[in-house]
Amino acid sequence: MDLDTEVERIFRQENSEEDEEEEEKMKRPPSSYGSMKSDDDVMEEEEKMEEADKVSFSFPFPVALPASTAHDGTGLQMIRSASPETLYTMTTQQTRPPGAVVIDTRSSDLDFSEPDDDEEEDADEILIANSPEPPEPVEPEDEMQDENGQPGRLHPEQDLPHIFKSIQNVLTSLTSDDLLKFKVSFYQWEPKMSLSQVMEGDLLDFVDRSLEMLGQDRSLLHTIKTLENIAMKPEADELRNSCKRALIRYRLKQYLIEKHHIIREGVVRAGRQNLLNKIYVEPHVTTRGYGGVDPSHEYGRSPMSPSTLQVPTADTFVGLNNLFRLKTCDGKPVRTVVTTGIPGIGLTVSVGRVCLDWAELKANKDMQFVIKLSFRIFWLLRKKELPLSQTSSIVELIQYHNPECKDLKQLEEEDCKFLIIMDSFDCYPALLDWQNAPVINDNYTQAHPDVLIVNIIRGTVLRGARLWILGRQAAVSQIPSQYIDVATELQVFSDEKVDKFLSIRFSNAELRSKILAHYKRLPSLCILARHPLVCWMVATVCERWFKYRHYGVHPPRLTPFHGSILIFQTNRHLEYYYGLPENDLKWGANENNRINKIGKMALKMLERNTGVFFEEDVKEFGMKVTDVTVFSGLCTELPTAGSDRKRTYCFLHFNFQEFIAALYVFTMFRSECKNVLDTALMHKPKPKLFASKDQTKSTVALVQCALERTLASPPGHYDMFLRFLCGILNPACHDSLLRGCLYSHRAPKVAGLEDVQRLLEQTILTAEENRVENLKECLREMTQKDE
């Protein structure tokens, strides 16, 4: 059976079940390529125009193809005669200088009536253009904004007009038989287009229709594949080379969408995948960082001075997608932007948001390529855990980490504007020699990872790149300031953003309202939930517990959330810095010792009534500064203040310092039978609850010591410490949440909890009025079973 007979057979089969209504749906607006119309169509059109005393003209080329935001799976509406306003005409009207000549490319009817004498000077001169090439759009001085309010435009070789022209040029070179063979093969491999849609019309109609229905990326790829299927590899290679920049962008887009469109939150549960686009709430990003620590406290106190913890004002906020629209002090575009934040603030999620917006053409379209190059890759290369030589070039490393960038020679071009995202600086613990590292001047020189990183940040390697570096403040602070154009910082959520985060996660309105009302019953949890990690925990815990009847009668407990932060950050430490698999994150003696030492330091800080510590404090307790301030995920570095430029550190929040101090006290009591608070009882008579000396080491003695410290100190000094200690005594915390982490599965149960309960009840009856409320909270934290 010959090709013509096969085409006719397919036509009959396809049209046999179609009625007139379906045929009407398949009709398209009239083509704007007037020169390709039949003579009868042209004559009929001219007769209609003469009757209306109008003059019509058209072009033998695509008049205006505006930049499209469509991607695979969405249609592209080409501008036709029914839509006379085009990107070119709109841009011209907005940006033309006075008296400039305007080339009108619209195929709508034109009125050639003589203008009035008074209007002749202001009237634009109308030129009828019949050249075979479309006019170039008038470029405004400032960058145009798209429909998302984002400035920037695609590179000409990545935009729709270039792809249209490239496909058209290749298909024009085919003979009529080859073109027919191409169309039949195109139809057989593309289910979204019917045979009539493929075969009807001229060549320009086919290209127009395929781009409109398939999107520019899918249409281009399918055209190349079809040419290869019909043994026209030279034509396929010609089209591939002509659109190489667009193809590389497409492959990068697909990689980034696949990697970031689903957000990983905690342990991934089967069937529970959250799309980043649906649940993401953008935190505030400020260009004037103060450390990112929330100074709020339930008792309105903070042991740190107001100058130490500050909150940036709204006029310093900048959108994530606008980081590279910022200017340096001398008005030049920024090259290197550094973004920091406290542990768990969402740096990785922010990277995913920026990558996804670029891949979906929502922002930063003028960035031809977005390439991720994590510091973790450099560290693996340094440890010789990659199938590459330890001395590799930056091009080799990019191609290994991003196979989509193979043969990406465009990075060498002066007009190539691309973004390199280097996240997780804290995953590269080696100190870099910024002064003595050799200078590299090209992208192909092989060097040690330390040298590559220094030269990338210096700007001698990947010269045309915009560089986005992310990491924890204590790690990023080693970069010399002369290499940083803008330093930014992610902030905790505002109360409004917390409500938004919790609201958009749940489609069930009743559950949503319950969760929002429930967490607000506890003031300290409202403050803690501003941290994005805790906000996610609130959503997860409440969703699980509200499945049980009677949950929500009592306010939530505060201690389990702090315990969950500790577990989450320690597991992340094992996974990220030690490379342990997610299902084998077992805590060892090193983790337990580090947590105990950090807790001991927190208790000493609490006794001194301070919320900041320094390098000598860390060394006093036998720890390394990087282990505490970078790897633990429990502390952060504050901006250097004062003339001595002394580096200052603190915990994620002052509440967490109080929790980790209470946890240390309980751990020493349970693991070593030591009451580190009993110094207050040494010179005092034993309470009636203590019948013997041994009972001073009992659970009730531990709480008695904490009570005496609390009641003998100003309100707010030890109150939250006491509440956390009572919360840890709750079996749901120490015997369930922390079992297998800090405490062995074979550890004996804590005895004497009934005596502690009686002690708290007696103290409530005799305590001062301003202490009663916190004592009741202590009792509830210890006895309440649900979270």
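Relevant structure appears above.
Conventions we followed
- Residues numbered from 1 in each chain as written.
- Predicted model: local features only at pLDDT ≥ 70, side-chain atom pairs only at ≥ 80, totals over all residues.
- Heavy atoms only, no water.
- Phe/Tyr/Trp six-rings, centres within 6.5 Å; stacked < 30°, edge-to-face > 60°.
- Helix = DSSP H or I, 4+ residues; strand = E, 2+ residues; numbered from the N terminus.
- Buried < 20%, exposed > 50% of the residue type's maximum accessible area, 1.4 Å probe, protein only.
- Lys NZ or Arg CZ within 6 Å of the ring centre and 35° of its normal.
- Core = buried A, V, L, I, M, F, W, Y, C linked by side-chain atoms within 4.5 Å.
- Salt bridge = Lys/Arg side-chain N within 4 Å of Asp/Glu carboxyl O.

Some words on the packing of aromatic side chains
Thinking step 1. Counting across every chain of the model gives 19 aromatic pairs.
Thinking step 2. Ring geometry for F493 versus F501: centroids 5.8 Å apart, planes at 45 degrees, classification tilted.
Thinking step 3. Ring geometry for F613 versus Y649: centroids 5.7 Å apart, planes at 25 degrees, classification stacked. Placement of F613 in strand β9 (residues 612-613) and of Y649 in strand β11 (residues 648-651) is noted, with a sequence separation of 36 residues between them. The pair formed by F613 and Y649 is uniform in burial state, with each residue classed as buried.
Thinking step 4. Grouped by ring-pair contacts, the aromatic residues W545, F546, Y548 and Y551 constitute a single cluster.
Thinking step 5. Positioned above the aromatic ring of Y743 is the side chain of R670, whose terminal nitrogen or guanidinium carbon lies 5.1 Å from the ring centre.

Quick word on the environment of G464
Thinking step 1. Within the secondary structure, G464 sits in the loop between α16 (449-458) and β7 (465-470).
Thinking step 2. The spatial distance from the C-alpha of G464 to the C-alpha of L419 is 8.9 Å, given a sequence separation of 45 residues.

Comments concerning the nonpolar core
Thinking step 1. Ranked by internal contacts, the top residues of the largest apolar core, which has 182 residues, are F378, W468, L502, F651, L663 and F721.
Thinking step 2. The greatest single-element share of this core, amounting to twelve residues, is contributed by helix α26 (residues 654-672).
Thinking step 3. The next biggest cluster of nonpolar side chains, apart from the first, holds 30 residues, and it includes L160, F186, I230 and L247.

Things to note about the pattern of salt bridges
Thinking step 1. Taken as a whole, this structure holds 31 salt bridges when the rule is applied.
Thinking step 2. Between E385 and K383 there is a salt bridge, with the nearest N and O atoms lying 3.5 Å from each other.
Thinking step 3. Residue E385 is classed as partly exposed on the basis of its relative accessible area of 47%.
Thinking step 4. The exposure class of K383 is partly exposed, given its relative accessible area of 38%.
Thinking step 5. Between E615 and K619 there is a salt bridge; the shortest N-O distance is 3.1 Å. Of this pair, E615 and K619 both sit in helix α24 (residues 615-620), four residues apart, which is roughly one turn of the helix.

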